[in-house]
Amino acid sequence: MELPEEVRRIAEDIKAMRIRGAGRIARAAAQTLMLAAEAYKGDSLEDFRAYMEEVARLLISTRPTAVSLPNAVNYVMRALREGRFQSPEDARKAVVEAARDFIEYSLQAVRRIGEIGSRLIETGDRIITHCNSNAVESILVTAWRSGKRFHVYATETRPRFQGYITARNLAREGIPVTLVPDSAVLSVMRSRRITRVIVGADTIAANGAVINKIGTSQIALAAHLHRIPFIVATETYKFSPYTVVGQPVEIEERPPEEVLENPPEGVVIRNPAFDATPPEYVDMIVTERGIIPPKSVALVLWELFRRRPAEAGGVKVEEDATA
Ligand SMILES: O=C(COP(=O)(O)O)[C@H](O)[C@H](O)COP(=O)(O)O
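Cut-offs and rules
- Residues numbered from 1 in each chain as written.
- Predicted model: local features only at pLDDT ≥ 70, side-chain atom pairs only at ≥ 80, totals over all residues.
- Heavy atoms only, no water.
- Pairing = 2+ DSSP bridges.
- Helix = DSSP H or I, 4+ residues; strand = E, 2+ residues; numbered from the N terminus.
- Axes fitted to C-alpha atoms, helices over the stretch in contact; angles between N-to-C directions.
- Contact = heavy atoms within 4.5 Å.
- Phe/Tyr/Trp six-rings, centres within 6.5 Å; stacked < 30°, edge-to-face > 60°.
- Buried < 20%, exposed > 50% of the residue type's maximum accessible area, 1.4 Å probe, protein only.
- Lys NZ or Arg CZ within 6 Å of the ring centre and 35° of its normal.
- 1 Å grid on protein atoms, 1.4 Å probe; cavity = no way out; pocket = protein on both sides within 12 Å on 5 of 7 lines; lining within 4 Å.
- Points joined across faces, edges and corners; volume = space filled by probe spheres on them.
- Nonpolar A, V, L, I, M, F, W, Y, C, P; charged D, E, K, R; others polar.
- Domains from an automatic or database assignment.
- UniProt positions renumbered as here; feature names shortened; annotations may be inferred.

Looking at an unreviewed UniProt entry, the chain carries the name Ribose 1,5-bisphosphate isomerase, with the source organism given as Pyrodictium occultum.

A.B. asks: Pulling in residues and values, what's your account of the sheet that holds strand β9 (residues 284–287)?
C.D. replies: Sheet strands associate in pairs through backbone hydrogen bonding, adopting either a parallel or an antiparallel arrangement. Across the sheet, 7 strands lie side by side as β3-β2-β1-β4-β7-β9-β10; this open sheet has mixed pairing. Edge positions in the sheet fall to β3 (177–180) and β10 (290–292), since each has one partner strand and no second. Geometrically, the sheet is characterised by an average inter-axis angle of 25 degrees between neighbouring strands, direction not taken into account. As judged from the 3 bridges shared by strand β4 (residues 196–199) and strand β7 (residues 230–233), these two strands associate in the parallel manner. Residue pairing in the sheet places I198 in a bridge with I231 of β7. Each of β1 (126–129), β2 (151–155), β4 and β7 is contacted by helix α9 (residues 216–225), which is oriented at about 145 degrees to β7, the strand it contacts most.

A.B. asks: Could you give an account of the packing of aromatic side chains, with specific residues and numbers?
C.D. replies: Taken as a whole and assessed by the stated rule, the structure comprises 7 aromatic pairs. Between Y40 and Y51, the aromatic rings sit 5.2 Å apart at their centres with planes inclined by 45 degrees, giving tilted as the arrangement. Placement of Y40 in the loop between α2 (22–39) and α3 (45–60) and of Y51 in helix α3 is noted, with a sequence separation of 11 residues between them. Just as Y40 is buried, Y51 falls in that class too. Look at F161 and Y164: their rings are 5.3 Å apart centre to centre, the planes differ by 40 degrees, and that puts the pair in the tilted class. Classification of F161 as partly exposed rests on a relative accessible area of 27%. Among the aromatic residues, those joined into a cluster by ring pairs are Y40, F48 and Y51. Geometry around F274 places K213 over its ring, the cationic atom sitting 4.2 Å from the centre.

A.B. asks: Talk me through empty space enclosed by the protein; I want residue IDs and the actual numbers.
C.D. replies: Taken as a whole and judged by the stated rule, the model has 2 cavities of 30 Å³ or more. Together, 25 residues line the largest cavity, and R20, G21, A22, N132 and D202 are the ones closest to its centre. Among the elements that take part in the lining of the largest cavity, α2 stands out by supplying 4 residues, more than any other. Residue classes in the lining of the largest cavity are distributed as 8 nonpolar, 9 polar and 8 charged. Taken together, domain 1 (5–111) and domain 2 (115–321) each give at least three residues to the lining of the largest cavity, which thus spans both.

A.B. asks: Describe the UniProt feature "binding site: substrate" (unreviewed entry) in the chain, listing the residues and the values that go with them.
C.D. replies: Taking the UniProt record as the reference, the feature "binding site: substrate" (unreviewed entry) is found at R20, G21, A22, G23, R63, N212, K213 and K238. These annotated residues cover 219 residues of sequence, and their C-alpha atoms lie no more than 14.3 Å from one another, placing them together at a single site. Within the annotated group, the residues that form the lining of the largest cavity are R20, G21, A22, G23, R63, N212, K213 and K238. Considering the arrangement of structural elements, one finds R20 in the loop between α1 (5–15) and α2. Residue classification places R20 among the buried positions, given a relative accessible area of 12%.

This is the structure in structure tokens:
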């Protein structure tokens, strides 16, 4: 069966970043699998499986870095890949149910991160954040609503300026927020005596490295130099099972036009969208399951994926790889 127009449109929205942010992308993928399953018209189980695999492939191909995307797709598809069904109708129900479960878990996880992470915020804090993260916003908004008073410095986040979204959302909550150019981070850290940095994540590697918006690692390095706690807020479906077996995280390279429409002749432009912050610069990772140090990531991954190697994209998670 032809893929529904709506499925292609959402895939295009993710690619063009009209739907963006690792958590949102994951939820949109689950929603799209649900939508595709509901739109299926045929009556062959085999055909339904092939059709759903095509949707899964299309979604996974949209953006390469955030592991929340394949993790969400594999979670939803597991029902179909491993289940025994009498009819496409049963299989369809299983997909819809798994997608609903994922979306509900995800929304609940973001709320839980807000509750757990807000305990780390104190009145008087001056906090730097980078890009736009639902998980970070959840922490800041929860802390603010609980009566804590603090000031946030949001970086613009060139070239796509997601920092504007953060600044606007926080300002709407009444949180004092100052927007600063990315290059002002070190200067702001010193002059404003920043007390904490909080960022989100697209992928957490098994060694505790944090892959997030380009520029995150520079901010982490500056925080490390100034002994400012560097906190990462992330749902555990951004932990990458692939990295357990040593697979590198692909860093998305976006179109050069995002940086400069018409570069002078002879000028080459590069536009990597993410970077990796080494675990040595990360003080803690706030997840929906609690706060962990980066060196515990492998343990959580083991806990999450040991019974479900299929979710690691068919990669068998070997026991001694996480020992
Ligand atoms: O790097 C980005 C977004 O990059 P892009 O704008 O290129 O998608 C965010 O920090 C993480 O995705 C976490 O966000 P969340 O906590 O909302 O999942």
